[in-house]
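So you can see what is in the structure, the chains are spelled out below.
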Amino acid sequence: MKKFSIIVLTYNSSKEGLLLTLESIIRQRFTDFEIIISDDSSDVDYCDLITVFFENNNFCDYCFIKNEKNLGTVDNYLNALKKANGKYIKGLGSGDLLYNSETINDLYFFMENHNAKFCFGNMMSYKINNPEFTVHFESFDAPKLLKPYNRKGHNDILRSMLIHQNWISGSTMVFEKNYLMSKLLAISGVVVYCEDLMQVLICLDKEELLEYPKNIVWYEFGEGISTSDNVNSKLFVDHSNFQKFLLNLYEKNKIVLKANKNLGLFNIKNPIIRKSIRLLRNPDLLFFKMKLKISHVFKKRTHTEIGFLDDKVFKELIAKLYKG
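Residues numbered from 1 in each chain as written. Predicted model: local features only at pLDDT ≥ 70, side-chain atom pairs only at ≥ 80, totals over all residues. Heavy atoms only, no water.

Side note on the overall build of the protein chain
The cut-off we apply is this: By the criteria applied, helices consist of DSSP H or I runs no shorter than four residues and strands consist of E runs no shorter than two, each listed in order from the N terminus. Summary of the burial criterion: residues with accessible area below 20% of their type's maximum are buried, those above 50% are exposed, and those between are partly exposed, where the area comes from a 1.4 Å probe applied to protein chains only. Contacts: residue pairs with any heavy atoms within 4.5 Å of one another. Using a 1.4 Å probe, the Shrake-Rupley method yields the accessible areas, and only the shown protein chains count as cover for residues.
The number of helices and strands found in the protein chain is 13 helices and nine strands. Taking all 324 residues of the protein chain together, 49% fall into the buried category. A sequence separation of at least 24 residues applies to 79% of the contacts in the protein chain between residues at least 6 apart. Accessible surface computed for the protein chain: about 16100 Å², of which carbon and sulfur atoms make up 53%.

Some thoughts on the nonpolar core
Stated precisely, the cut-off is as follows: To define a nonpolar core, start from buried Ala, Val, Leu, Ile, Met, Phe, Trp, Tyr and Cys residues and group those joined through side-chain atoms within 4.5 Å.
In terms of nonpolar packing, the biggest core is built from 47 residues, with F4, L22, I25 and I35 touching the most fellow members. With six residues, the top contributor of residues to this core is strand β9 (residues 210-220). Counting residues in each nonpolar core, the second largest holds 46 residues, with L197, M198, L209 and F245 among its members.

Concerning the side chain of S13
Of note, S13 is situated in the loop between β1 (2-10) and α1 (15-26). Note on S13: relative accessible area 14%, which makes it buried. Residues within four places of S13 in sequence aside, it is in contact with V44, Y46 and S94.

A few points about the environment of G86
Mapped onto the fold, G86 is located in strand β4 (residues 86-93). The sequence separation of G86 and S5 amounts to 81 residues, and the corresponding C-alpha distance is 4.6 Å. Those residues within four positions of G86 in sequence are excluded, and the remaining contacts are M1, K2, K3, F4, S5, E34 and K177.

Examining unusual backbone geometry
That bond from A142 to P143 is cis: its omega, 15°, falls within 30 degrees of zero. Looking at where P143 falls in the secondary structure, it is placed in the loop between β7 (134-139) and α5 (147-150). With a phi close to 50°, N58 is a non-glycine residue in the positive phi region. Backbone geometry at N115 places phi at a positive 50°, although glycine is not the residue there. If you trace the backbone, N115 turns up in the loop between α4 (103-113) and β6 (118-129). Residue classification places N115 among the exposed residues on the basis of a relative accessible area of 69%.

Quick look at the pairing of β6
Consecutive residues of a regular strand have side chains that alternate between opposite faces of the sheet. In plain terms, the rule: Pairing between strands is defined by DSSP: at least two bridges between them are needed.
Counting buried positions along β6 yields nine of 12 residues, so the element is predominantly enclosed. In terms of strand pairing, β6 meets strand β8 (residues 173-176) through three bridges, oriented antiparallel. The partner of F120 across the bridge, within β8, is M173. Where β6 and β9 come together, seven bridges link them in parallel fashion. Residue pairing for β9: S125 is matched across the bridge by Y219.

Examining the packing of aromatic side chains
Under the convention used in this document: What counts as a ring pair is set by centres within 6.5 Å for rings of Phe, Tyr and Trp (its six-membered ring), and what kind of pair is set by the plane angle: stacked under 30 degrees, edge-to-face over 60, tilted for all other angles.
Under the counting rule described, the total for this entry stands at 17 aromatic pairs. With centroids separated by 6.5 Å and ring planes inclined at 35°, the aromatic side chains of F175 and Y179 adopt a geometry described as tilted. According to the relative accessible area criterion, F175 is buried, its value standing at 1%. A network of ring pairs unites the aromatic residues F4, F30, Y88, Y108 and F109 as a single cluster.

Considering the pattern of salt bridges
Here is the rule we go by: The term salt bridge refers to a side-chain nitrogen of Lys or Arg lying within 4 Å of a carboxyl oxygen of Asp or Glu.
Enumeration according to the criterion identifies 10 salt bridges in this entry. K2 serves as the salt-bridge partner of D61, at 2.7 Å between the closest nitrogen and oxygen. Taken together, the positions of D61 in the loop between α2 (47-56) and β3 (62-66) and K2 in strand β1 put the pair 59 residues apart, joining distant regions of the chain. Taking relative accessible area as the criterion, K2 reaches 23% and is therefore assigned partly exposed. Taken together, the shared-partner salt bridges in this structure form one network comprising K2, D32 and D61.

So, the packing of α1 against helix α13 (residues 312-323)
Operational definition: Only C-alpha atoms enter the line fits that serve as axes; for helices the fit covers just the stretch in contact. Angles between N-to-C directions range over 0 to 180 degrees. For classification, angles of less than 35 degrees are called roughly parallel, those exceeding 145 degrees roughly antiparallel, those between 65 and 115 degrees roughly perpendicular, and all remaining angles oblique. The hand of a helix crossing depends on one turn: near helix anticlockwise from the far one by less than a right angle means left-handed, and clockwise means right-handed. In this count, Pro and Cys sit with the nonpolar residues alongside Ala, Val, Leu, Ile, Met, Phe, Trp and Tyr, while Asp, Glu, Lys and Arg are called charged and the others, Gly among them, polar.
At their nearest, the axes of α1 and α13 sit 10 Å apart, and the two run at 155° to each other. Relative to α13, the element α1 lies roughly antiparallel. Note that α1 runs across α13; the crossing there is right-handed. Residues E16, G17, L19, L20, E23 and S24 of α1 pack against F314, L317, I318, L321 and Y322 of α13. Across the contact of α1 with α13, the residue classes break down as seven nonpolar, two polar and two charged.

Structure representation (structure tokens):
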């Protein structure tokens, strides 16, 4: 059994982004891990690219899965998880990077010391600027406001998720394997792309949403897994189906009921009317937005430690990959 399985999900991803992701993994100081790459029936074939990459880096503890048909993120993740041998799981989208060489080592001991089944952390976003092929990066907050999560009150957190849309980013989530499997199985068949909706079930089941106080990933801003076409409509369908699913399980929960009513507002095409009605129905949303603006005024940039995209080696790699 491995201590960690790192799962990389791909779907019509750029070869440059995938190679950067893999590079960030094999540069980990922690060594007791495996890499599982699960491709969701892409139009391009990554097999030769991946094989050559690992051969050149003398790394053999990996597995490549190619789905015969497109399954969506949730079932693609489940497919990969069935092959995983690690105690803990870190999922990455192609193009996302582990933050630095200590990330998996620090996460492993954090999970062990807290006997944790789940944790989430911070991230930085980045984007490759063309045609210079330089990197632009900045703080990216998800959740946008951390205070509800610090209170540890499940109702506060649930309201923050479902009413304020103050979500934890799926890219920063880390799980114990069997725990992740149970959450993915719970939403499989209901949710296709938004695997990070698992966080709502964690909250509703009164389980701990443990914050890891460091950056976990460099998130490639503007990219996504299996959602290249009609992104907004796909996400809306996922959220709509998930709300119906929640209503069946938690029909007496007032926050779930209110969130379900809010979902109907998306049918109103005029954004001003839609936002006005939403504020009238949810006056606490106005206070949330005020707190958010205040927190951003006083927020200091959290990028204080040295990460891969500050590293000369990665900057040279980016220039080579994207110019080549």
